[in-house]
Amino acid sequence: MASIEPLVQRLSSFSHIKQLQAHLITTGHFGFLPSRSKLIELCAISPFGNLHYATEIFCQIQTPFKNDWNAIIRGFARSNEPKIAVTYYQNMFRKAKNLDALTCSFSLQACSRFLGVFEAKQIHSHIVRFGFTADDRLVTTLLDVYAKSNDLSSARKLFGEMPRTDRASWNALIAGLAQGDQPKEALGLFKRMKTEGLRPDEITVLGAISACSQLGSLPEGETVHSYIKESNLDKNVQVCNALIDMYYKCGSVDKACDVFRSMGCRKSLVSWNSMIMGLGMHGHGSDALKLFNEMSQDGIPADAITYLSALCACNHAGLVSEGLSIFKSMESSGVKPNVKHYGSVADLLGRAGRVKEAYEIIKSMPSKPDIVLWQTLLGACKTYGEVELAEIASRELVELGSHSCGDFVLLSNTYAAHERWDDVGKVREAMKSKAVKKIPGFSFITVKGSIHKFINGDQDHPDWKDIYKKIDEISLRMNGMGYAAETSFVLHDIGEEEKENVLWYHSERLAVAYGLISGGGGDGKPIQVNKNLRICVDCHVAIKLISKIYNREIIVRDRARFHHFKDGTCSCGDYW
DNA sequence: TTAGGGTTAG
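Because the structure is predicted, anything quoted here is derived from the model rather than measured.

S.K.: Pulling in residues and values, what's your account of the overall build of chain A?
M.R.: Summing up its helical and strand segments, chain A has 30 helices and six strands in all. Principal axes of the C-alpha set define a box for chain A whose edges measure 95 × 55 × 55 Å. Within the span of chain A, comprising 576 residues, buried residues form 52% of the whole. Nonlocal contacts in chain A, meaning residues at least 24 apart in sequence, comprise 63% of its contacts between residues at least 6 apart. When the accessible surface of chain A is split by element, carbon and sulfur atoms take 52% of a total near 27100 Å². When the 68 positive and 64 negative side-chain charges of chain A are each reduced to one mean point, those points stand 4 Å apart.

Right, here's the structure in full:
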């Protein structure tokens, strides 16, 4: 039998595949293994194929050969049901025993799609058993699964054991560490890679930039950017997009704009989305909306993320009518609003005191509202003292199984504002009976290239005594300006154990104090602090005052947005 | 013949 390859080259539709199958059967060549496997592969992975049909052919084969299995596994690995690929793999392992490195590779690709570490570990053991560990490509795929599933220790161990590492394996580990919670380690590897004589490429720098974004460290980001310029990697649109993202996340929306405006390649949808999001997070709502309009003139249609970015920009700047009209325009643009768009609009209305309208929006959703949405509504209820709606939202939250400390505190505070102390007591009881989980708050600051992390009230920093001394000094000077801590509700209602977290030693204040004594940010540069949660109301007041007393610009990046404190005010206009 | 590493939200 001649190769069917020339024939295959000319196939362009599913009916061609069926004709080929008929041809193979009628000519008695279906039993000819390469042709049969090719047919299954075509069905399973070509753009005009049909995975279901591929499995039908496969099932008709009494003893499928290795390549038949591989074709099916490969097809499922890239389908919407990657787990099925692993099921086929396990069947093959039991029945056929003749799997090869490719079988493992396709199956691992499937694992990385559904983050199946358990399955990956099983395949890993087979890789060892079959002696495929010298296969760099296969091991890199395995490393990537571990890294993507956040099993970073396995990823690192594997990397350490590789007989040869190349750029791809370094890249997989760097990206994995950056996207996991080890951005510092990712940057360390990026630096080490250069000293070991491997030249980072665009994929490497994407990982490194992403690490800088996570750290929120502008100096580190600038160093990576210099490397990118030196190596001419700044013509790559993905690299530019990552730089935009990094700069605004590191507090410099101006530098993000510079990158955006001077891109040496065509801007993609992601470039626009990132820039709009960045402007929004820094409170430049109207600039964000200008860009939003400019984008359609540039012939790039907005997608769901564009709309979300524009809506967030409206939220952070309090642009209520603009936000509503953008939301309304979504349908006509053919972009279907999802939970996040509804959440954003509910937030916009809620913050503006239009709590009932926010509730109506939530009710009008085609899908079921999620925890975040009810929390948003609850937050607005607290601000505007809407007890009834607060109770509705809380009930929904309990039903959805939310055990977040914040939910209880908000409800309790809403009651407290109406002096309904019995109800306050009941909420507190409920908190005790359901082990309410609390995410620990932490902040960090980069000083002279190294990162210092602070947890509320911690004394782990080598200079903690000086930091606390500085805080005492700050508090004296603030009290002299008539500052009174807003502890009334917060401390009262959260419960006893919270009391030790005295507001004065909140992580963001420890970081700011350290910034002041260490000259963080350098001459005249702003002190920049990153926090994992939202900044607390009292710290917000305090840092405004600190910026005035010490005549220092302070930038705080919290979970939701940026706050630029200068001369006693904040860029968010106290609206966040 | 077929395989490895990649950018935006929350």
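S.K.: I'd like a rundown of the packing of aromatic side chains, residues and numbers included.
M.R.: Describing an aromatic ring pair means giving the distance of the ring centres and the angle of the ring planes. Under the counting rule described, the total for this entry stands at 17 aromatic pairs. A ring pair is formed by Phe130 and Phe132, whose centres lie 5.7 Å apart and whose planes are at 20°; its orientation type is stacked. Judged by relative accessible area, which is 16%, Phe132 ranks as buried. Pairwise contacts between aromatic rings join Phe58, Trp69, Phe76 and Tyr88 into one cluster. Taking NZ or CZ as reference, Lys267 lies 5.0 Å from the ring centre of Phe260, over its face. Of note, Lys453 hangs over the ring of Phe442, and the distance from its end group to the ring centre comes to 4.2 Å.

S.K.: How would you summarise the sheet that holds strand E2 (residues 450–455) if you had to cite specific residues and measurements?
M.R.: With mixed pairing, the six strands of this open sheet are ordered in space as E2-E1-E3-E4-E5-E6. Edge strands, defined here as strands with exactly one partner in the open sheet, are E2 and strand E6 (569–570). Bridge count for strand E3 (residues 527–531) against strand E4 (residues 554–557) is four bridges, and the pairing is parallel. Within E4, the residue paired with Asn530 across the bridge is Arg557. Contacts between helix H29 (residues 507–518) and the sheet are confined to strand E1 (442–447), E2, E3 and E4, with E1 contributing the most and set at about 15° to the helix.

S.K.: Which residues make up the pattern of salt bridges, and what are the values?
M.R.: Using the criterion set out here, one finds 28 salt bridges in the structure. In this structure, Glu161 engages Lys157 in a salt bridge whose closest nitrogen and oxygen atoms are separated by 3.2 Å. One end of the pair, Glu161, and the other, Lys157, are both in helix H10 (residues 152–161), four residues apart, so they sit about a helical turn from each other. You can call Lys157 exposed: its relative accessible area is 55%. Each of the salt bridges in this network shares a partner with another, and the network as a whole consists of Glu391, Arg420, Asp423 and Lys426.

S.K.: Give me empty space enclosed by the protein: which residues, what numbers.
M.R.: As enumerated under the stated definition, the model contains one cavity of 30 Å³ or more in all. In this structure, the largest cavity occupies an estimated 40 Å³ of space. Around the largest cavity, the lining residues are Ile471, Ile474, Trp504, Arg509, Val512, Ala513 and Ile546. Considering every element that reaches the lining of the largest cavity, the biggest residue donor is H29, with three residues. Residue composition of the lining of the largest cavity, by class: six nonpolar, no polar and one charged.

S.K.: Tell me about the UniProt feature "repeat: PPR" (unreviewed entry) in chain A, and please be specific about residues and values.
M.R.: Per the UniProt record, "repeat: PPR" (unreviewed entry) is found at residues 166–200, 236–266, 268–302 and 303–337. This span, residues 268–302, is 74% helix and 0% strand, and a straight line between its end C-alpha atoms measures 11 Å.

S.K.: So what's going on with unusual backbone geometry? Which residues, and what values?
M.R.: Most peptide bonds are trans, and most residues other than glycine sit at a negative phi. At Leu115, a position not held by glycine, the phi torsion is positive, near 50°. Structurally, Leu115 can be placed in the loop between helix H7 (101–114) and helix H8 (117–130). In this model, Asn551 sits at a positive phi of 50°, which is unusual for a non-glycine residue. Locating Asn551 in the fold gives a position in the loop between helix H30 (537–549) and E4.

S.K.: An account of the pairing of strand E5 (residues 562–566) is requested, with residue identities and associated values reported.
M.R.: Each regular strand carries side chains that alternate between the two faces of the sheet. Burial within E5 is extensive, with four of its five residues counted as buried. As paired elements, E4 and E5 share four bridges and run antiparallel to each other. What sits directly across from Val556, in E5, is His563. Remark: four residues form the turn of the hairpin made by E4 and E5, two consecutive strands paired antiparallel. Linking E5 back to E6 in an antiparallel pair, the connection comprises two residues, with Asp567 at a positive phi of about 50°.

S.K.: Provide a residue-level description of the layout of surface pockets, including the pertinent values.
M.R.: Within this model, the second largest pocket holds a volume of roughly 770 Å³. Together, 29 residues line the second largest pocket, and Lys148, Asn171, Ala175, Gln179 and Ile203 are the ones closest to its centre. At the level of secondary structure, the elements contributing two or more residues to the lining of the second largest pocket comprise helix H9 (136–148), helix H11 (167–179), helix H13 (202–215), helix H15 (237–249) and helix H17 (269–281). No other element matches H9, which puts eight residues into the lining of the second largest pocket. Its residues placed into classes, the lining of the second largest pocket shows ten nonpolar, 13 polar and six charged.

S.K.: Describe the side chain of Lys531, with residues and values.
M.R.: Relative to the elements of secondary structure, Lys531 occurs in strand E3. Polar contacts involving the side chain of Lys531 include one to the main-chain carbonyl oxygen of Arg534, which spans 3.3 Å. Excluding residues within four positions of it along the chain, Lys531 makes contact with Phe442, Ser443, Ser507, Glu508, Cys536, Arg557, Asp558 and Arg559.

About the thresholds
Throughout this description, residue numbers start from 1 for each chain and increase along the sequence as written. Each chain gets a letter, beginning with A, and each ligand a number, beginning with 1, in the order they are written. Only residues with pLDDT of at least 70 are given local features in this predicted model, and only at 80 or more are side-chain atom pairs given and counted; all residues enter the totals for whole chains, interfaces and linings. Excluded from the side-chain calculations are hydrogens and water; all other atoms, namely the structure's heavy atoms, are used. Counting from the N terminus, the helices are DSSP H or I runs at least four residues long and the strands are E runs at least two residues long. Here's how the labels work: a residue is buried when its accessible area is under 20% of the maximum for its type, exposed when over 50%, partly exposed in between, all with a 1.4 Å probe on protein chains only. Any two residues having at least one pair of non-hydrogen atoms within 4.5 Å are treated as being in contact. All accessibility values rest on the Shrake-Rupley procedure with a 1.4 Å probe; residue burial counts only the protein chains present in the view. This count recognises Lys and Arg as positive and Asp and Glu as negative, with His and chain-terminal groups excluded. By convention, charge coordinates are those of NZ in Lys, CZ in Arg, CG in Asp, or CD in Glu. Any pair of Phe, Tyr and Trp rings, taking the six-membered ring for Trp, is counted once the centres come within 6.5 Å. Such a pair is stacked with planes under 30 degrees apart, edge-to-face with planes over 60 apart, and tilted for the rest. Two conditions define a charge located above a ring, namely a distance within 6 Å from the ring centre to NZ of Lys or CZ of Arg, and an angle within 35 degrees of the ring normal. Strand pairing is assigned whenever DSSP identifies at least 2 bridges connecting the two strands. As a rule, the C-alpha atoms of each element are fitted with a line to give its axis, helices using only the stretch in contact, and angles between N-to-C directions run from 0 to 180 degrees. A pair is scored as a salt bridge if a Lys or Arg side-chain nitrogen falls within 4 Å of a carboxyl oxygen belonging to Asp or Glu. Cavity: a set of points on a 1 Å grid over the protein atoms alone where a 1.4 Å probe fits but cannot get out. Pocket: an open set with protein on both sides within 12 Å along at least five of seven lines, its lining residues, like those of a cavity, having an atom within 4 Å of a point. Grid points are joined across faces, edges and corners, and a volume is the space filled by probe spheres set on the points. Nonpolar residues are Ala, Val, Leu, Ile, Met, Phe, Trp, Tyr, Cys and Pro. Charged residues are Asp, Glu, Lys and Arg, and all others, Gly as well, are polar. UniProt positions are given in the numbering used here, feature names are shortened, and annotations may be inferred rather than shown by experiment. Pairs of N or O atoms within 3.5 Å make up the polar contacts considered here, provided that, within protein, one atom can donate a hydrogen while the other can accept it, and that residues adjacent in sequence are counted only when both atoms are side-chain atoms.

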